Structures are given as structure tokens and as C-alpha cells.
Amino acid sequence: MGPLAFPVVQIAGIRDEAEAGLLVECGVDWLGFPLRLPVHAPDVSEGEAARIIRGIPFPARAVLITYLDDAGEIAAFARKLGVRIVQLHGDIGIAALERLKTIDPELSIVKSLVVGRSDVAGLEAGLRVLSPFADAFITDTFDPASGAWGATGKTHDWEISRRLVEVSPRPVILAGGLTPENVAEAIRRVRPAGVDSHTGVEDASGRKSRDRVIRFVAKARDAFGPASPGS
């Protein structure tokens, strides 16, 4: 499908085919499927995720979001699902990332930088070391109460993400507590290459809200400016 194009709007946590269709209709670029997770339960089974992914029309793209750290397992899982973008949130080492690029050179890798789990210097150091093997980064929020590294519904210090955007040789996507109410301010302050939301566009039942998704996408596109796809 070619190289990644930015800016992007990603919505994660698809529960079924109807929800995926809603996100595509609302103009979402990337649909995130969190699977094989250490903390959160998956929103959908692996078999159902693969079926939904097969039906996602281009230019929308599916993203595997996982904490796996073995290169062979990641590559095999991505092939099983039919995804060409993988978002890695686990403590995967440089050797494993390099091997993953060797096994599947056309698999785009987005590596997480979890704000609050290490200090700014540690995040910058990790970014520099991992940049040769990542196509992009995504910042997210560490929740010490639950131990979760993402999908916390909580924001973090956006100045830290802005600093990472400034020093990164790769695009940086902003995640963590983003909603239709704060996404425009977040983009203006951080200047990321993309934004991601999960719980921030859901209703009280935990389903994606059409109104909230439409407003999130519109606010993000407006803040990104005329270069944003779909604007």
C-alpha cells in the first residue's frame, strides 16, 4: 500500500464491522485493533478482527496495536490479520525491531513512547536509538494506578510530546485522553503528525459515537490545516 502518509487521524478499539464502517464513513484514516494485550481485554476476537480488516476500503487502513515483543510472532500475526501497519507498545528491543524489518521490510512500524513511564531524557534517548527501525512514533499516557500504557483515557504533559516532536527524525502521533473538545488545542500545542483517540470518542455504553467521531475528525482536520487529507 506504499509509505505512510501524514497527517493521520486514528481511532482505536473497533468492536465490530458496523463500528468499523462508521469510522470509515466519518473519514478516519487509520482504524486501530488492540490485540494480545497484557492489561486490557481485546475489543474483538482475532478471527473477527481479520474479517473486519478484509472489508476496510482503501484509503482507510487497519493498524495492529499490540504489546508483543517477538519479531517473528509480530510478523506472523500481522500477516494473519492482513495489516501492513503495526503499533508496538511493549518493551521491544532494538535487535527485535531490526529483525522485524528484515523479516517483513514492507511492514510499517509505529513505536510507542509512553509519557510518565520514564523521564524526558529517557524518552529522547529511546527515540534516537529506535528511529532507524521505526517509521513513526506515538506518544501515550502511563497510568500508575492501573499499570496501563495507553487506552487510559488520560492526557499527559503535552510539552513533553511537543519536545519529542521537535527532536524526532520520524513523524510523531499524539495519543492519550484526546477528545473532540481538546484535540484542536492539542494539535496546535504539540504539532504532531497525527492524533489518536480510543475512549474519547465513545458514548456511555462504550460504543463509538457517530457525533463524537465526526466532531473529532473535523476538529483535527481543521487544526492540521489545508494539507490534511480529507479536508
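Check the entry above for the structure.
Conventions adopted
Residues numbered from 1 in each chain as written. Predicted model: local features only at pLDDT ≥ 70, side-chain atom pairs only at ≥ 80, totals over all residues. Heavy atoms only, no water. Helix = DSSP H or I, 4+ residues; strand = E, 2+ residues; numbered from the N terminus. Salt bridge = Lys/Arg side-chain N within 4 Å of Asp/Glu carboxyl O. Buried < 20%, exposed > 50% of the residue type's maximum accessible area, 1.4 Å probe, protein only.

A. Structural detail: unusual backbone geometry. Following Phe-6, the chain continues to Pro-7 via a peptide bond in cis, the omega torsion being 5°. Positionally, Pro-7 belongs in the segment before strand E1 (8-12). Pro-59 follows Phe-58 through a cis peptide bond whose omega is 15°. Within the secondary structure, Pro-59 is located in the loop between helix H2 (46-54) and strand E3 (61-66). Phi is positive for Arg-36, close to 55°, though the residue is something other than glycine. Mapped onto the elements, Arg-36 comes out in the loop between strand E2 (30-34) and H2. The backbone of Arg-191 shows a phi angle near 55°, a positive value even though the residue is not glycine.

B. Summary view of the pattern of salt bridges. Tallying each qualifying case throughout the model produces 22 salt bridges. In this structure, Glu-73 and Arg-36 form a salt bridge, with 3.2 Å as the shortest nitrogen-oxygen distance. Within this pair, whereas Glu-73 is found in helix H3 (residues 71-81), its partner Arg-36 is found in the loop between E2 and H2, the two being separated by 37 residues in sequence. Since its relative accessible area comes to 31%, Arg-36 is described here as partly exposed. Across the pair Lys-80 and Glu-46 runs a salt bridge whose closest N-O atoms are separated by 3.2 Å. Residue Lys-80 is found in helix H3, and its partner Glu-46 is found in helix H2; the two are separated by 34 residues along the sequence. Residue classification places Glu-46 among the partly exposed positions, given a relative accessible area of 23%. Look at the salt bridges and you will find they share partners, linking Asp-16, Glu-19, Glu-202, Arg-207 and Lys-208 into a network.

On their own, these measurements won't tell you what the molecule is for.
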